[in-house]
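# Overview (structure and organization)
As a plain string of letters, each chain reads:
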Amino acid sequence: MIPRYARPEMVAVWSPETKFRIWYEIEAHACDAMAKLGVIPQENADAVWKAKDVEFDVARIDEIEAVTKHDVIAFLTHLAEHVGSEEARFVHQGMTSSDVLDTCLNVQLVRAADILLADMDKLLAALKKRAYEHKDTLRVGRSHGIHAEPTTMGLTFARFYAEMDRNKARLVQAREEIATGAVSGAVGTFANIDPAVEEHVCEQLGLSPEPISTQVIPRDRHAMFFATLGVIASSIENVAVEIRHMQRTEVLEGAEFFSMGQKGSSAMPHKKNPVLTENLTGLARLVRMTVIPAMENVALWHERDISHSSVERGIGPDATVTLDFALNRLAGVIDKMLIFPDNMLDNMNKFPGLVMSQRVLLALTQAGVSREDAYAMVQRNALKVWEERVDFQEQLLADADVVAALGVDGINEKFDMGYHTKHVDTIFSRVFKD
């Protein structure tokens, strides 16, 4: 996580100030619940809330931790400096550090997920707008990087929309799965704290009680959360790679917006490089980099160890901050992307009529020619187009076997582009259900 690829709202989720505020709320709500149960005096629980407007001193907590070598104890010591040692003596009663750390982490991940979901809505809106704008803009579809059959630019945007819509549903599920808290004590048995305390803390923080924890919340939840972020990042790269291909000089079917005063190269003034989408490819790698460590965190020793802790201190902010930036960058790229319909048609006609080969093949089989003979008839004419850049339609009209099977009008009829776009509305109705 570096400032170049970070947005303030997501960075704030992971700031020390935010973390200590959440820790405080966990402890204060726990005291309220324990007072209600009669475990601690009500006045002590009330006293903790004297710190509700305090801005906890991060430097002071770090100073204490330098001595205690324990971050939660350092925080509790600093809290007592504000509340008073006697008043704060019941804070953390029956709790273990992981009750605070794990519940806080999940609060942060939930908040991060909410920001990411808003980001995805922004990206989906941009994709939908461009899909309808270019619903009927013809371009050649490619497989293996080679011209295949006609499609539309709108369908390209629509399939990216559908993919991101699936990713949003995945993130909603991942958010729900990560939204648990644990205040269950040393090994999760509630021996020294009532389960009602956990229920109250979770309710106040918008979480659900973890059904069974040990000293930690099970890390399969976190593994799934980060895996979902990795899938979203891969979809970002999927879109970015397509745009990068479209911006190649010899393709130039689309391009990133090039702003006034922007420079593409320090050496070559003519350059317009796809720097944003190349950057998105790199950022996707960074997000995916966090997935394997999150999965490796699932296997902890016995009721817990802390091998996961150092990992999560890094991947929590890194993955969410980077993905937040990437989603917003991609939304901007899509919204301002330049589309060149004339170049799309020029590219499709680089090998004139060749994209209609399958339609001719099928027509020949329907006319009674065996598939093997039909394929040979079409291919021998298609290869001339590849080798000599002649017109495929004209080659077919000069082929006596093809004319005998289909007739002149039958051949000409097979070169109607509308044949390939007749179901675009059907596809759009499936993708954009509103």
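The text that follows walks through the structure, step by step, so that each part is easy to find. This structure is a prediction, so every number in the text was calculated from the model and none was measured.

This paragraph deals with the overall build of the protein chain. The secondary structure content of the protein chain amounts to 19 helices and six strands. In summary, the protein chain has a C-alpha radius of gyration of 30 Å against a globular reference of 22 Å for 434 residues, an excess of more than 25%. Seen through its principal axes, the protein chain has C-alpha atoms that stretch 100 × 50 × 40 Å. Per-residue burial over the protein chain gives 50% buried out of 434 residues. Partitioning the intrachain contacts of the protein chain with sequence separation of at least 6 by distance along the chain shows that 75% fall at a separation of at least 24. Of the roughly 20800 Å² that the protein chain leaves accessible, carbon and sulfur atoms contribute 53%.

Okay, helix H19 (residues 424–431) next. For H19, every residue scored as buried is listed here: Val424, Phe428 and Val431. Buried residues of H19, seen end-on, are gathered within an arc of 65° and therefore sit on one face of the element. Against helix H6 (97–133), strand E2 (146–152), helix H7 (153–178) and helix H18 (418–421) lie the buried residues of H19.

The subject of this paragraph is helix H9 (residues 220–247). End to end, H9 covers 41 Å across 28 residues, agreeing with the expected 40 Å (1.5 Å per residue, within 8%). Most of H9 sits inside the fold, with 21 of its 28 residues counted as buried.

Here is the idea: a disulfide is a covalent bond, and it sits between the sulfur atoms of two cysteines. Applying the stated criterion to the full structure yields zero disulfides. Here cysteine 31 is not disulfide-linked; the sulfur of cysteine 202 is the nearest cysteine sulfur, at 15 Å. Residue cysteine 31 is classed as buried on the basis of its relative accessible area of 1%.

Here we come to the pattern of salt bridges. On inspection of all chains with the given rule, the structure shows 24 salt bridges. The residue lysine 168 makes a salt bridge to aspartate 121 at a minimum N-O spacing of 2.6 Å. In this pair, lysine 168 is assigned in helix H7 and aspartate 121 in helix H6, connecting sequence segments 47 residues apart. What you see here is one network of salt bridges that share partners, running through Arg139, Arg142, Glu242 and Glu253.

Let's shift gears to the packing of H7 against H9. Two elements in contact, H7 and H9, have axes separated by 9 Å at closest approach and are oriented at 165°. Between H7 and H9, the interaxial angle falls into the category roughly antiparallel. The two elements H7 and H9 meet at a crossing, and its hand is left-handed.

One can find asparagine 279 in helix H10 (residues 275–288). Reaching out from asparagine 279, the side chain makes a polar contact with the side chain of arginine 329 at a distance of 2.7 Å. Beyond its immediate chain neighbours, meaning those up to four positions away, asparagine 279 contacts Tyr5, Phe325 and Arg329.

Evaluation of the coordinates by the stated rule reveals 14 aromatic pairs. Ring geometry for phenylalanine 428 against phenylalanine 432: centres 5.3 Å apart, planes inclined by 55°, an arrangement best described as tilted. The burial state of phenylalanine 428 is the same as that of phenylalanine 432; both residues are buried. A network of ring pairs unites the aromatic residues Phe20, Trp23, Tyr24, Trp49, Phe56 and Phe75 as a single cluster. The lysine or arginine in question, lysine 135, covers the ring of phenylalanine 428, its NZ or CZ lying 5.9 Å from the ring centre. Above the face of the tyrosine 419 ring, lysine 422 is positioned so that its terminal group lies 3.7 Å from the ring centre.

Bridging between strand E1 (residues 138–143) and E2 involves five bridges; their strand directions are antiparallel. Directly across from serine 143, in E2, lies its bridge partner isoleucine 146. Counted between consecutive antiparallel strands, the loop separating E1 from E2 contains two residues, among which histidine 144 sits at a positive phi close to 60°.

Quick notes on the rules
Residues numbered from 1 in each chain as written. Predicted model: local features only at pLDDT ≥ 70, side-chain atom pairs only at ≥ 80, totals over all residues. Heavy atoms only, no water. Helix = DSSP H or I, 4+ residues; strand = E, 2+ residues; numbered from the N terminus. Rg over C-alpha atoms; globule rule 2.2 N^0.38 Å. Buried < 20%, exposed > 50% of the residue type's maximum accessible area, 1.4 Å probe, protein only. Contact = heavy atoms within 4.5 Å. Areas by Shrake-Rupley, 256 points an atom, 1.4 Å probe, with all protein chains shown as cover. Arc of directions from axis to C-beta. Expected span 1.5 Å × (residues − 1). Disulfide = S-S within 2.5 Å. Salt bridge = Lys/Arg side-chain N within 4 Å of Asp/Glu carboxyl O. Axes fitted to C-alpha atoms, helices over the stretch in contact; angles between N-to-C directions. Parallel < 35°, antiparallel > 145°, perpendicular 65-115°, else oblique. Left-handed = near helix turned anticlockwise from the far one by under 90°. Polar contact = N/O pair within 3.5 Å; in protein donor to acceptor, adjacent residues only side chain to side chain. Phe/Tyr/Trp six-rings, centres within 6.5 Å; stacked < 30°, edge-to-face > 60°. Lys NZ or Arg CZ within 6 Å of the ring centre and 35° of its normal. Pairing = 2+ DSSP bridges.

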